[in-house]
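Okay, here's what each chain looks like letter by letter:
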Amino acid sequence: LDSLNFNYPCASKRMLQDPSVTECTNVNGKQPRKFRSGSFVFFNNTFHGADGIPLKYLAEESRLENNLFTYNDWTSANSRVGNGGHATVLSKSLSDKAIRNTLLYNGEGHGIRPTKRADVTLNRVVGQCQGLQQSDGAGIHLTSNNQPHSHIHRNWIHDSPKYGVRFDGAPPRVGVLGTISSNVAVRLGPGGIQMKGDNHTALNNLAFDNEDGSTRHRKDCSLCVWKYVRTNPVEINKYSTVVGNVADVANGGKRPNADPYPLNGLNITDNVVDPDVKSYLRDPDNYDFRPLGALITVGPYDADPSTYWIPGRQEYKPSSPVPPTGSTTVIAANRDALMWLPGLGHVTHHVYFGDCAGEVTRADVSHAVGVVSGDVNVMKIGRQLKAGTKYYWRVDGTSRDGDVVKGDIWWFETI
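Residues numbered from 1 in each chain as written. Predicted model: local features only at pLDDT ≥ 70, side-chain atom pairs only at ≥ 80, totals over all residues. Heavy atoms only, no water.

A. Examining the pairing of strand S37 (residues 390-399) more closely. Of all the ten residues making up S37, nine are buried; the element is thus mostly covered by neighbouring parts of the structure. Bridge analysis of strand S34 (residues 346-354) against S37 gives eight bridges, and the strand direction is antiparallel. The residue of S37 that forms the bridge with Phe353 is Trp393. Here S37 pairs with strand S39 (residues 410-414) via four bridges, running antiparallel. (Buried < 20%, exposed > 50% of the residue type's maximum accessible area, 1.4 Å probe, protein only. Helix = DSSP H or I, 4+ residues; strand = E, 2+ residues; numbered from the N terminus. Pairing = 2+ DSSP bridges.)

B. A look at the nonpolar core. Among the nonpolar cores identified, the biggest contains 35 residues, and Leu64, Ile140 and Leu223 are the most heavily contacted of them. Elements supplying a minimum of two residues to this core: strand S3 (39-43), strand S5 (55-58), strand S14 (138-142), strand S17 (163-167), strand S19 (184-188), strand S20 (193-195) and strand S23 (223-225). Val186, Phe208, Ile310 and Val322 belong to the second largest nonpolar core, which has 23 residues in total. (Core = buried A, V, L, I, M, F, W, Y, C linked by side-chain atoms within 4.5 Å.)

C. Summary view of empty space enclosed by the protein. Counted under the stated rule, the structure contains one cavity of 30 Å³ or more. The computed volume of the largest cavity comes to approximately 50 Å³. For the largest cavity, the full set of lining residues is Tyr57, Val89, Ser91, Asp96, Lys97, Ala98, Ile112, Arg113, Pro114, Asp119 and Val120. Of all the elements, strand S9 (residues 96-99) adds the most residues to the lining of the largest cavity, at three residues. Across the lining of the largest cavity, the residue classes break down as six nonpolar, one polar and four charged. (1 Å grid on protein atoms, 1.4 Å probe; cavity = no way out; pocket = protein on both sides within 12 Å on 5 of 7 lines; lining within 4 Å. Points joined across faces, edges and corners; volume = space filled by probe spheres on them. Nonpolar A, V, L, I, M, F, W, Y, C, P; charged D, E, K, R; others polar.)

D. Inspection of the sheet that holds S3 at higher detail. Taken in spatial order, the nine strands of this open sheet run S3-S6-S9-S12-S15-S18-S21-S24-S27, and their pairing is parallel. Unpaired on one side and paired on the other, S3 and strand S27 (267-269) mark the two borders of the sheet. On average, each strand axis in the sheet is tilted by 5° relative to the strand beside it, whichever way the strands run. In this structure, strand S12 (residues 119-121) lies alongside strand S15 (residues 151-153), joined through three bridges in parallel fashion. Following the sheet pairing, Asp119 is matched in S15 by His151. (Axes fitted to C-alpha atoms, helices over the stretch in contact; angles between N-to-C directions.)

Below you can see the structure in the form of structure tokens.
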């Protein structure tokens, strides 16, 4: 499926007194008595307003790339029996890739729920299950049998009452050998990253803040590498690796009438855990998670990169500006650069910047403040910005064929 729009693709029949589960888009490649379905690719599609699970698929291999899922399944009435929930994207493939998808304000308890040997990279999951119709879930959720050799890498999960990334399970059914690396999980309900199982790796992740933006209580956790699953007496994560993570609160799970267990694992090194962790970063409330100077040398970003990875779907023009357009809280003293998500297929970007909206709107290539090529998406401003000032900027993208797409006018105010 390539570049299709699924707008309100399905609806329940409850008002007609038909209690059956809604059937939306379900691509099933399984053949009788064997599994030889080949590969499925879902590229650059949009799914909006489904009253049910917007996309389910089963294949020997699958690739979900550059898709957009918005405001789907706000009734969560997708099962007639009790269960732990399904997902906005529900896969049952044998080898699963989910790359550069954006999920915005979908109702299901889980956002992306991949299966075996999953590669979940550069996705952005925002506001998952914000209405709390379901009690379980996470932006990216893997059950125990799907964790081995799965890799959750460079995703942003934020502003949701759910966990960001979750490896679930309880003894005797636990997952092993999964990796959660270089993810950003912020402003989330129960925690940013929860890792159950054993022989897992949590590497260079960033996690902080409650859903309302406040710092977590010391007995809660943003980075949760549990030692026990509630009252289950079998230890988990005994041989896991927890290295280079940054969090406001991190521990091994709650225990009755005592402080939480410390992070559990065989190798626990070079983690930065501090309630004031945001002060180590350039402007985290405006999605600039670069470390300030040499305050920290771990986490998902370098202090001065030429490429600042921004997850999510690439559009036909540059998008996802950092700082975000409309922000009135940009820290002038820390704002040394502008970053953006390149347009799909763009190889060169011209950047325009100033304090006059009209001039930035009318500017041509002779007035660009800079030109970058390839994967570079960071433009240094080259001067100290003033506090209390409104700035405007624009990024135009050029394709390999030389076609130029004029970008939107973005703006922010400094403090």
